[in-house]
Amino acid sequence: MRFIFGIRALLIAPILFYVSHVFAQASNGWIEVIEPNPKSELWVNPGMYSYHFQKDQNLNNNNWGVGLEYRFNTVASATIGNYKNSDNGHSSYAGVYYQPIAIGPIKLGVVAGGFNGYQSTNNGGWFPAVLPALSVEEGRFGANLFLIPTVGDRVHGAISLQIKIKLFDDLD
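Because the structure is predicted, anything quoted here is derived from the model rather than measured.

Asker: Even after reading the chapter, I still don't get the layout of surface pockets, so can you show me in this structure?
Answerer: Where empty space is left can be seen by rolling a probe of water-molecule size over the atoms. Its boundaries defined by the atoms lining it, the second largest pocket holds a volume of some 240 Å³. Taken together, 14 residues form the lining of the second largest pocket, with K39, T74, P105, K107 and E137 sitting closest to its centre. Secondary-structure elements contributing two or more residues to the lining of the second largest pocket are β2 (38-52) and β7 (127-138). Here the lining of the second largest pocket gets three residues from one element, more than from any other, and that element is β2. Looking at side-chain class alone, the lining of the second largest pocket contains four nonpolar, three polar and seven charged residues.

Have a look at this one:
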């Protein structure tokens with residue numbers, strides 16, 4: 001079982017958090033460290049669209065499916081779903097976003113969790129991953145953007161965009 005971008009992200013994340021915190025204090029709020037507070041929002045998404053780096057492999061860019069994201073805190077949310085993956089197989093995922101930094105309306109952080117359905121990784125079984133993630137949420141609409149690194153012949157690198165719609169929040 002291999003961590004995808006995991007060990008490096010886990011080692012770099014605290015450093016980035018500290019540097020961002022220092023920079024935010026020095027920059028008069030241009031970069032903000034988000035105050036963790038309870039929240040209750042449920043989002044739904046139709047999967048994602050991926051721009052793959054390996055153009056010669058005829059990969060599926062239209063990763064349609066269904067997913068839910070429950071934001072239980074201003075800096076964290078849980079996610080679960082399924083989609084048609086880059087190899088045209090079916091994949092499921094479950095994870096947690098941690099996004100403690102904001103640049104204007106953009107939240108920065110990582111999503112950590114597990115995926116399955118990729119035959120070239122763990123024979124299609126579950127494997128862990130930690131990915132950089134950006135999110136924008138405004139009113140009823142939002143988007144998540146992920147950077148998926150290429151890992152040999154096991155993981156197809158891509159930038160993936162996920163559009164989402166808020167079903168409810170604690171203010172409704």
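Read on, since the account is not over.
Asker: Hey, could you run me through the side chain of T74 in this one?
Answerer: With respect to the secondary-structure elements, T74 resides in the loop between β3 (62-73) and β4 (76-84). Here N73 takes part through its side chain, which lies 3.4 Å from a polar atom of the side chain of T74. Contacts of T74, omitting those with residues within four sequence positions, involve I34, E35, P36, N37, K39 and K107.

Asker: When you look at empty space enclosed by the protein in this model, what are you seeing that I'm missing?
Answerer: What the rule picks out here adds up to one cavity of 30 Å³ or more. The volume enclosed by the largest cavity comes to roughly 410 Å³. Every residue lining the largest cavity is counted, 30 residues in all, and those nearest its centre are Y83, F115, Y118, L131 and I148. For the lining of the largest cavity, the secondary-structure elements that each account for two or more residues are β2, β4, β5 (90-103), β6 (106-115), β7, β8 (141-148) and β9 (158-169). Top element by residues in the lining of the largest cavity is β6. It accounts for five residues. Residue composition of the lining of the largest cavity, grouped by class: 17 nonpolar, twelve polar and one charged.

Asker: Would you take a moment to explain the nonpolar core for this structure?
Answerer: Side chains of a nonpolar character, in soluble globular proteins, are inclined to be buried together. Within the largest apolar cluster, 15 residues are counted, with the highest numbers of intra-cluster contacts made by Y83, Y97, V111, F115, L131, A133 and F146. Residue assignment for this core shows that the elements contributing at least two residues are β5, β6, β7 and β8. The leading source of residues in this core is β7, at four residues. In this view, Y83 contacts M48, N63, W64, G65, G89, H90, S91, Y93, F115 and Y118; residues no more than four positions away in its chain are not counted.

What counts as what
Residues numbered from 1 in each chain as written. Predicted model: local features only at pLDDT ≥ 70, side-chain atom pairs only at ≥ 80, totals over all residues. Heavy atoms only, no water. 1 Å grid on protein atoms, 1.4 Å probe; cavity = no way out; pocket = protein on both sides within 12 Å on 5 of 7 lines; lining within 4 Å. Points joined across faces, edges and corners; volume = space filled by probe spheres on them. Helix = DSSP H or I, 4+ residues; strand = E, 2+ residues; numbered from the N terminus. Nonpolar A, V, L, I, M, F, W, Y, C, P; charged D, E, K, R; others polar. Polar contact = N/O pair within 3.5 Å; in protein donor to acceptor, adjacent residues only side chain to side chain. Contact = heavy atoms within 4.5 Å. Core = buried A, V, L, I, M, F, W, Y, C linked by side-chain atoms within 4.5 Å. Buried < 20%, exposed > 50% of the residue type's maximum accessible area, 1.4 Å probe, protein only.

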